[in-house]
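Architecture and fold: a report
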Amino acid sequence: MSAGPPLRVADVFRSYWTEYLRSHRVPAFQHKAIRHLLQCRTPALGGHVWRCASCGHRSVLYNSCRDRHCPTCQGAAREKWLDKRMKELLPVPYFHVVFTLPHALNPLIRYNRKLLIDLFFKEVNATLQEFGKDPQWRLEGQMGFIGVLHTWNQQLLEHNHLHLAVPGGAWRQDSNVWLSAKRNWLFRAKSLAARFRTRYVRALTRKRERGQLVLPPDGPDWENICDQLARTDWIVYAKKPFAGPRQVLEYLGRYTHKVAISDYRIRAIENSDVTFRYRDRADGDVEKMMKLSAESFIARFLLHILPPGLQKIRFFGWMGRNVRTDNLRRIRKALGIPPPKKEPPQPVVCPNCPHCGQATLLLIGAEKARAPPEPP
């Protein structure tokens, strides 16, 4: 493809989606997500008319689709989410913990995605709460944390894992006491992995016994799946605390609203192939190029479109959505920390004029119809 505007993931679908549908059946929720990607920031969604106060140039800025799977739409949502979380930070060590499901479960997850991902969140929470109450870890209180789901690796293959931001300590609600963890570690990662494997496999077996699990017709049978899970090392990775609590949230913020592949990684779309950048973790995190057929690229991207109702960001323990505000107030009081100051609302920032580059665009019209708005 010749030099021109930066390439986007939507350009791949714009070129090859119709052809892909001729030979593949696609669920309705994936159809919907791809339709949003194709309509994003185009006349199909309407837009707003702006005039530059400096040079008089008139511009039409088309609306974004705001789909959580759209690579173009997630920057503003991420910043808004991160700003809220920053106001909830406590002056305690924060740990970055990653739980990973073994790849032997991937065929089963494809047919039971919501069930097994919900189970993933549930058993990770149960494991951490169990460790938080165990006297050997010297906390004996309720853990609180944020969990963010990722389903891919750099090559767009299935890699289901949870990134967690865990404040280093536990909350005893009955006595209003905050118990701090050691600064260099929270829990032993291998112990977490072993306990999590036991809990998850038991829960999975119960789902199977109740007839709630769909086995893939072309995949391994239940006995083979259980055998693979027993022989596989389950991975839990726990980093030491960051330099400060803000750093762990800023790091986690890279993952909260991320999609399987960002637009900037697309390098070429030509001859029915897609070339994109990726980092090879097994080779020292070296940046490399991968070329896939457009069909393979689309198939891999679709693997990571989540079904409706499956939340990828969740809060647990004393950080649960319905109790977080009250618990934060009580914990701050127990730690002798004043409540956060209310910040004045941020001024509205004008977009830059595409003609002169000045941030002096003024909104002069809007059009909601599915057609380009006409400048007045």
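Refer to the preceding data block for the structure.
A short tour of the structure in this document, coming up. A quick note: this is a predicted structure, and the numbers were derived from the prediction, not measured.

**Section: the side chain of Lys207**
Within the secondary structure, Lys207 is located in helix H6 (residues 189-209). Each residue touching Lys207, except ones within four places of it in the same chain, is listed here: Leu115, Leu119, Gln212 and Leu213.

**Digging into the pattern of salt bridges**
Applying the stated rule across the entire model yields 19 salt bridges. One salt bridge in this structure joins Asp280 and Lys288, with 2.8 Å as the shortest N-O distance. One connected set of salt bridges, linked through shared partners, spans Glu123, Glu130, Arg195 and Arg199.

**Examining the sheet that holds strand S10 (residues 273-280)**
Taken in spatial order, the 3 strands of this open sheet run S9-S10-S11, and their pairing is antiparallel. The sheet is open, and its two edges are formed by strand S9 (266-270) and strand S11 (286-293), each paired on a single side. This sheet shows a mean twist of 25° between the axes of neighbouring strands, independent of strand direction. In this structure, S9 lies alongside S10, joined through 4 bridges in antiparallel fashion. When the sheet's bridge partners are listed, Ile266 is paired in S10 with Phe276. Its contacts with the sheet place helix H1 (residues 9-21) against S9 and S10, and it is angled at close to 10° to S9. Running at roughly 110° to S11, helix H9 (residues 294-302) makes contact with S9, S10 and S11 of the sheet.

**Regarding the nonpolar core**
Tyr200 and Leu204 are the most contacted members of the largest nonpolar core, which has 44 residues in total. With near-sequence residues (within four places) excluded, Leu204 lies in contact with Leu105, Leu108, Leu116, Leu119, Leu213, Trp222 and Leu229. Listed in part, the 33 residues of the second largest apolar core include Trp17, Cys65, Leu156 and Ile266.

**With respect to the layout of surface pockets**
Estimated volume of the largest pocket: approximately 910 Å³. Contributing to the lining of the largest pocket are 34 residues, with Gln154, His161, His163, Tyr255 and Arg281 lying nearest its centre. Where the lining of the largest pocket is concerned, the elements lending two or more residues are strand S3 (94-100), strand S4 (144-152), strand S5 (158-167), strand S8 (235-238), helix H8 (245-256) and S10. Of the residues assigned to the lining of the largest pocket, the class counts are 13 nonpolar, 11 polar and 10 charged. Its boundaries defined by the atoms lining it, the second largest pocket holds a volume of some 330 Å³. For the second largest pocket, the lining is made up of 14 residues, of which Arg25, Pro27, Gln30, Leu302 and Leu303 are closest to its centre. Elements with a minimum of two residues in the lining of the second largest pocket: helix H2 (28-39) and H9. Classifying every residue of the lining of the second largest pocket by side-chain character gives 9 nonpolar, 2 polar and 3 charged.

**Regarding the packing of H1 against H2**
It is the contact of H1 with H2, at a shortest axis distance of 9 Å, that shows an interaxial angle of 135°. Comparing their axes, H2 and H1 come out oblique. Seen from above, H1 lies across H2 with left-handed handedness. Residues Val9, Ala10, Phe13, Arg14, Trp17 and Leu21 of H1 form the contact with H2, whose own contacting residues are His31, Ile34, Leu37 and Leu38. When the residues that make up the contact of H1 with H2 are grouped by side-chain class, the tally is 8 nonpolar, 1 polar and 1 charged.

**Structural notes on the side chain of Asn327**
Within the secondary structure layout, Asn327 lies in helix H10 (residues 324-335). Residue class for Asn327 comes out buried when judged on its relative accessible area of 2%. Excluding residues within four positions of it along the chain, Asn327 makes contact with Trp171, Gln173 and Trp318.

Conventions adopted
- Residues numbered from 1 in each chain as written.
- Predicted model: local features only at pLDDT ≥ 70, side-chain atom pairs only at ≥ 80, totals over all residues.
- Heavy atoms only, no water.
- Helix = DSSP H or I, 4+ residues; strand = E, 2+ residues; numbered from the N terminus.
- Contact = heavy atoms within 4.5 Å.
- Salt bridge = Lys/Arg side-chain N within 4 Å of Asp/Glu carboxyl O.
- Pairing = 2+ DSSP bridges.
- Axes fitted to C-alpha atoms, helices over the stretch in contact; angles between N-to-C directions.
- Core = buried A, V, L, I, M, F, W, Y, C linked by side-chain atoms within 4.5 Å.
- Buried < 20%, exposed > 50% of the residue type's maximum accessible area, 1.4 Å probe, protein only.
- 1 Å grid on protein atoms, 1.4 Å probe; cavity = no way out; pocket = protein on both sides within 12 Å on 5 of 7 lines; lining within 4 Å.
- Points joined across faces, edges and corners; volume = space filled by probe spheres on them.
- Nonpolar A, V, L, I, M, F, W, Y, C, P; charged D, E, K, R; others polar.
- Parallel < 35°, antiparallel > 145°, perpendicular 65-115°, else oblique.
- Left-handed = near helix turned anticlockwise from the far one by under 90°.

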